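Each chain, written out:
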There are 2 protein chains.
Amino acid sequence: MIYIFSQSGEHSAIVTLNRSRKMREILGVALDLACDGGLDNLTLHRLAGRMKRSVAAVYRYFPSREAVISELQRLIATHINLIANDAQARVATWASKQDDLNPGDRALAAILARTLAYGIYAEATPDELGMVTRYLSTPDKMLPERDATHVFEIVSDSLDDLTAAIAHAQTHKMLTPADPHDRAVMLWAALQGSIDVLRVVQRGGRSPHTNLTRHMIETLMVGWGADHATLTHLTKTIIDHDLARVERTTRDLLSDEDPLTDTDHENTARTGTEEKTP
Amino acid sequence: MIYIFSQSGEHSAIVTLNRSRKMREILGVALDLACDGGLDNLTLHRLAGRMKRSVAAVYRYFPSREAVISELQRLIATHINLIANDAQARVATWASKQDDLNPGDRALAAILARTLAYGIYAEATPDELGMVTRYLSTPDKMLPERDATHVFEIVSDSLDDLTAAIAHAQTHKMLTPADPHDRAVMLWAALQGSIDVLRVVQRGGRSPHTNLTRHMIETLMVGWGADHATLTHLTKTIIDHDLARVERTTRDLLSDEDPLTDTDHENTARTGTEEKTP
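Not measured: the values here are computed from a predicted model. (Residues numbered from 1 in each chain as written. Chains lettered and ligands numbered in written order. Predicted model: local features only at pLDDT ≥ 70, side-chain atom pairs only at ≥ 80, totals over all residues. Heavy atoms only, no water.)

Engineer: So what's going on with the overall build of chain A? Residues and values would help.
Structural biologist: Within chain A one finds eleven helices and zero strands. Each helix (α) and strand (β) of chain A, taken in turn from the N terminus, gives the series α-α-α-α-α-α-α-α-α-α-α. Here chain A holds 278 residues, and the buried ones make up 55% of them. The contacts in chain A between residues at least 6 apart in sequence include a share of 67% that link residues at least 24 apart. Working note: accessible area of chain A is about 12000 Å², and carbon and sulfur atoms make up 52% of it. (Helix = DSSP H or I, 4+ residues; strand = E, 2+ residues; numbered from the N terminus. Buried < 20%, exposed > 50% of the residue type's maximum accessible area, 1.4 Å probe, protein only. Contact = heavy atoms within 4.5 Å. Areas by Shrake-Rupley, 256 points an atom, 1.4 Å probe, with all protein chains shown as cover.)

Here it is as structure tokens:
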């Protein structure tokens, strides 16, 4: 899959392709910088320095540091939705082969797949996730209106897909009736809270259940009427079979190649960047 | 109640009292600065300027900007635990007069009181809460080990009191058996997530249920085996009777007076500060 930029229009096809390639290169370096030292480490000056180019050259593609950060967040959010989709598809394939699973169980498994994948991604790549979610705990005054809207826009696809999975489980009467979008927001909020809190609590010296995220998902779904034993069984199977694993990286989205057909994509992308160094 | 500083020792009683008074004055101004423009707005230079004193004078009481922030966070965390205690005590008094409530219902009401008060405080004073919880979404690398430990230390009292309330409800068989501390962490995480997410989602243009926090608490407790109808009834009563209201301010803790006997404490404290201006 090739990542599509939000502001690519108004150019001929070939110019757009070249622009897009250059923007992907810039974003890849920006991702490195931000993962190395947080967003504070990401300045256009450092970005240009790492690429051995002038700041003006970067400006030709992104009008400001904020534009780079904004696109980086959109990139990561796109990635998160893709890994949730991957997990849901993998679980659906597995479930279709299980004779003992009825359509209702499969509907619950889809919700578990999406949310467990989010938790696994968060644990493996806290720095990337933090770039998207850092605004969540920023006081209103500090957060420009534009950014608040942006954060919501970029998580919107993920929320919509989770909403659909929840609605499907409700249709199958595996969950009590309620607004599925409200439930999707609640599940996201609880997941995000557990990811953030777990990190701090673990470092604070106490050792709470390391499965906080998983237990949070199960508890909410039981609270919505799901059968506890069914959920525990489904979760255990998804974890044991590694069905919610994360098989792609955010960097895959910056590659020209389809990551599912090119396992060397990450090395290719890195080499592409490093060729520019003298 | 007079706030006790963590680093007050090693002085005679009168010196300690004077130091403590001066430290409270500094913290009051620091609280103003931070609530006006976030922690970035809080520098020792601005702090001294606002107090019409030298930076050296501030250094006599706090060795660094970080020490001021750290004490400010401890102050707010102390405040949060007090408002949760207030709400729990208020609900207990009310519940003791209700003939139709059994001890088990009262135990559930205590959990609701503490958590609803937290949600109400968060909604009314997001800037204050943000000073304590901002570290939650800070990537590990950005968060010095000392700060991670500090965050956990300052929320520890609140978590312990919530743990006791949950354990009590479990003893009364209103919740299924489980580690009550793990559940307290889960509830805190879910609350914090809903507070953060609600703010962003609301500004993002969608209007999810504004009672997200309340529904989150109820859903988790139902997930732990509580009766839904009982919870809804208790929550509605606590909200309708305003039993989880917040009656004190963080600034009260910086006053010499007991806020429960002196309703003018805030004005007194402010005037005390302003007298210093020429």
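Engineer: Kindly report on unusual backbone geometry, identifying the contributing residues and their values.
Structural biologist: Excluding glycine, residues mostly have negative phi values, and the peptide bonds linking residues are mostly trans. Residues other than glycine seldom take positive phi values, yet A:Lys173 does so here, at roughly 60°. For B:Lys52, which is not a glycine, the phi torsion comes out positive at approximately 55°. Checked against the element boundaries, B:Lys52 lands in the loop between helix H2 (44-50) and helix H3 (55-59). Residue B:Lys52 is classed as exposed on the basis of its relative accessible area of 55%.

Engineer: Any chance you could break down a nonpolar patch on the surface for me, citing the residues and the numbers?
Structural biologist: The grouping of A:Ile14, A:Val15 and A:Leu17 at the surface amounts to a nonpolar patch, some 260 Å² of accessible area in total. Along the polypeptide, A:Val15 turns up in helix H1 (residues 13-37). (Patch = residues over 30% accessible without salt bridge, like charges linked within 9 Å, V, L, I, M, F, W, Y side chains within 5 Å. Salt bridge = Lys/Arg side-chain N within 4 Å of Asp/Glu carboxyl O.)

Engineer: Could you give me a rundown of the packing of helix H1 (residues 13-37) of chain B against helix H4 (residues 65-96) of chain B, with the residues and numbers involved?
Structural biologist: Residue and element names in this part refer to chain B. The interhelical angle for the contact between H1 and H4, taken along N-to-C directions, is 90°, at an axis separation of 10 Å. For the element pair H1 / H4, the angle class is roughly perpendicular. Packed against H1, whose contacting residues are Leu27, Ala30, Leu31 and Ala34, the element H4 presents Val68, Glu71, Leu72, Leu75 and Ile76 at the interface. Across the contact of H1 with H4, the residue classes break down as eight nonpolar, no polar and one charged. (Axes fitted to C-alpha atoms, helices over the stretch in contact; angles between N-to-C directions. Parallel < 35°, antiparallel > 145°, perpendicular 65-115°, else oblique. Nonpolar A, V, L, I, M, F, W, Y, C, P; charged D, E, K, R; others polar.)

Engineer: I'd like to hear about the pattern of salt bridges, residue by residue, with values.
Structural biologist: Residues and elements named next belong to chain A. Taken as a whole, this structure holds 22 salt bridges over all chains when the rule is applied. Across the salt bridge formed by Glu66 and Arg65, the nearest N and O atoms sit 3.5 Å from each other. Among the residues examined, Arg65 registers a relative accessible area of 26% and is labelled partly exposed. Linking Glu247 and Arg245 is a salt bridge whose minimum nitrogen-to-oxygen distance equals 2.8 Å. Salt bridges sharing partners connect three or more residues here, namely Arg90, Arg245 and Glu247.

Engineer: Give a description of the confidence of the model for chain A that names residues and reports values.
Structural biologist: Residue-level pLDDT values for chain A average 82, and 78% of them are 70 or greater. For residues 258-278 of chain A, every residue scores under 50 in pLDDT, and the model assigns this stretch 21 contacts once sequence neighbours within four places are set aside. (pLDDT = per-residue confidence, 0-100.)

Engineer: Requested: an account of the side chain of B:Thr115, with residues and values cited.
Structural biologist: All names here are of chain B. Note that Thr115 resides in helix H5 (residues 103-124). Residue classification places Thr115 among the buried residues on the basis of a relative accessible area of 1%. Here Ile111 takes part through its backbone oxygen, which lies 2.8 Å from a polar atom of the side chain of Thr115. Reaching out from Thr115, the side chain makes a polar contact with the backbone oxygen of Leu112 at a distance of 3.2 Å. Contact partners of Thr115, with chain neighbours within four places excluded, come to Leu162, Leu187, Leu191 and Ile217. (Polar contact = N/O pair within 3.5 Å; in protein donor to acceptor, adjacent residues only side chain to side chain.)

Engineer: Describe the nonpolar core, and please don't skip the residues or the numbers.
Structural biologist: A:Leu42, A:Leu47, B:Leu42 and B:Leu47 are the most contacted members of the largest nonpolar core, which totals 168 residues. Ignoring sequence-local partners within four residues, the contact set of A:Leu42 consists of A:Ala30, A:Leu33, A:Ala34, A:Leu47, A:Arg65, A:Val68, A:Ile69 and A:Leu72. (Core = buried A, V, L, I, M, F, W, Y, C linked by side-chain atoms within 4.5 Å.)

Engineer: Lay out the environment of B:Glu71 with the relevant residues and their values.
Structural biologist: Residue position: B:Glu71 is located in helix H4. Distance in space between the C-alpha atoms of B:Glu71 and B:Ile154 is 9.9 Å, their sequence separation being 83 residues.

Engineer: Could you give an account of H1(A), naming the residues involved and the relevant values?
Structural biologist: With 25 residues, H1(A) ought to run about 36 Å at 1.5 Å a step, and its terminal C-alpha atoms sit 36 Å apart, in line with that. Where H1(A) terminates, the next one or two residues include A:Gly38, which has phi positive at roughly 80°. (Expected span 1.5 Å × (residues − 1).)

Engineer: How would you sum up the packing of H5(B) against helix H6 (residues 126-133) of chain B? Please name residues and give values.
Structural biologist: Residue and element names in this part refer to chain B. Where H5 contacts H6, the two axes come as close as 5 Å, and the packing angle between them is 110°. Considering the angle they form, H5 stands roughly perpendicular to H6. Contacts between H5 and H6 involve Tyr118, Tyr121, Ala122, Glu123 and Ala124 from the former and Pro126, Glu128, Leu129 and Thr133 from the latter. Its residues placed into classes, the contact of H5 with H6 shows six nonpolar, one polar and two charged.

Engineer: Can you break down the environment of B:Ala164 residue by residue, with the values?
Structural biologist: With respect to the helices and strands, the residue B:Ala164 is situated in helix H7 (residues 145-171). Spatially, the C-alpha atoms of B:Ala164 and B:Ala110 are 9.9 Å apart, while their sequence positions differ by 54 residues.

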